[in-house]
Amino acid sequence: MRATRLVRNGAVLSAAAALALAGCTSAGDPSPTPTPTPAAAPDVALRDLPRAGLAVGVAVAGGGHHAAAGYPDPFGEDDAYRDVIAEQFSSVTHENQLKWEFLRPTREEFRFEGADAVIDFAEENGQQVRGHTLLWHSQNPRWLTSGTFTDEEMRALLQEHIATVVGRYKGRIVHWDVANEIFDDSGVLRTEENPFLARFGTTIVADALRWAHEADPDAVLYLNDFNVESVGPKSDAYLALATELLAAGAPLHGFGVQGHLSTQYPFPGDLETNLRRFTDLGLEVAITELDVRVPVDGAGRAEPDDVEKQVEYYGRAVDACVAVERCTSLTLWGVTDRYSWVPGFFAGEGSAMVLDEDLAVKPAFTAVADALRGPDA
Ligand code: XIL
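If you're wondering where the values come from, they're calculated on a predicted model, not measured in any experiment.

A. Expanded view of the overall build of the protein chain. Scanning the protein chain for helices and strands turns up 14 helices and 12 strands. When each of the 377 residues of the protein chain is scored for burial, the buried share is 56%. Residue pairs in contact within the protein chain that sit at least 24 positions apart in sequence constitute 78% of those at least 6 positions apart.

This is how it looks when you write it as structure tokens:
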């Protein structure tokens, strides 16, 4: 595993000590009895660590699974959580508050309060904002997916949406994930699930990019997806599409690799190589939704071997972005297990974030911090 340090009260602890602190014994110890975890708040700010040009971001909780979770609105009500977001990160993304489902309860209405609040907070805390997302197959309102619209109306709906939302935040949102998850894992366009792709194919992606560019000519416009960390059919499909779009003069500027990783699968060891395929086209790249989930028991506890793997995966993912000069932002898809989307979406997996339920550091936090400092630190 990578060399990992945990800096605590000025002392540098070894990886084994860090694992023990997190309630895990080191690999090979036959008795994985958890030791009590002393709550250790982060004593470094991730946002201060990386090379110039690399923003460290987080998804800000709200909407989506949080709405049904039974706890008070994290961003509105949890001051300790807000403090962590402000202190640790130089970029924020709306976890759900800019998605159609959240923004557009009816065809006529735009509900901007949730999104505005995150952007105001970002500006107060010197953070940049990554906009997520404009064209996606998921989390769309029923009036859109079940409505009866002509092709012309559908196109006009998307154009109006993009002009309104991107226009509202002109100059305040640096990156936009314009199109999200448009290919399936075989690299086939999601024409069945995405109501816009169903009618227009990839021409609507070019249109969406143009409309976003018209609304905010300075915004950096991205395609974004999961399972595109490695070279393979899905990332190949993006490479081909990006090449085509650029040749046609579409305003495409970046490719986002989400980075939802699981220790049940091998680490995508060619991540850096794959990122470079896109920077070679002239695009910038980002890791946009990094998290590393591990198998957990009924109480949400992970085995030490999996925690070690998680530490390694976080470190290697961050290493890849740090190594690629045109990797401009690295966003964690949540920061604390208190609010993670993972347990609700991946049965038997959890503990995917870098801080635990009590906002205390896990070894993964230290791995991210170490990797952000770069290989020469
Ligand atoms: C997830 C959110 O984290 C949840 O709160 C919500 O219930 C579902 O969506 N890929 C994406 C993100 O692009 O928007 C998804 O976010 C996670 C997968």
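Structure's up, so let's keep going.
B. Representation of the layout of surface pockets within the structure. For the second largest pocket, the calculated volume is near 640 Å³. Every element with two or more residues in the lining of the second largest pocket is listed here: strand 9 (260-262) and strand 10 (284-295). Of all the elements, strand 9 adds the most residues to the lining of the second largest pocket, at 3 residues. Classifying every residue of the lining of the second largest pocket gives 13 nonpolar, 13 polar and 7 charged.

C. Geometry of the pattern of salt bridges. Inspection of the entire model under this criterion finds 19 salt bridges. Salt-bridge contacts for Arg172 lead to Glu123; the nearest nitrogen and oxygen are separated by 2.8 Å. Remark: Glu123 occurs in helix 5 (residues 113-124) and Arg172 occurs in the loop between helix 7 (151-168) and strand 6 (175-180); sequence separation between them is 49 residues. Residue classification places Arg172 among the partly exposed residues on the basis of a relative accessible area of 29%. Judged by relative accessible area, which is 41%, Glu123 ranks as partly exposed. Two residues, Glu312 and Arg316, come together in a salt bridge whose shortest N-O distance is 2.9 Å. Here Arg316 and Glu312 lie together in helix 12 (residues 304-323), a separation of 4 residues that amounts to about one turn. The partly exposed category is assigned to Arg316, whose relative accessible area is 32%. It is possible to trace a salt-bridge network through shared partners that takes in Asp120, Glu123 and Arg172.

Each value, and the rule that gives it
Residues numbered from 1 in each chain as written. Predicted model: local features only at pLDDT ≥ 70, side-chain atom pairs only at ≥ 80, totals over all residues. Heavy atoms only, no water. Helix = DSSP H or I, 4+ residues; strand = E, 2+ residues; numbered from the N terminus. Buried < 20%, exposed > 50% of the residue type's maximum accessible area, 1.4 Å probe, protein only. Contact = heavy atoms within 4.5 Å. 1 Å grid on protein atoms, 1.4 Å probe; cavity = no way out; pocket = protein on both sides within 12 Å on 5 of 7 lines; lining within 4 Å. Points joined across faces, edges and corners; volume = space filled by probe spheres on them. Nonpolar A, V, L, I, M, F, W, Y, C, P; charged D, E, K, R; others polar. Salt bridge = Lys/Arg side-chain N within 4 Å of Asp/Glu carboxyl O.

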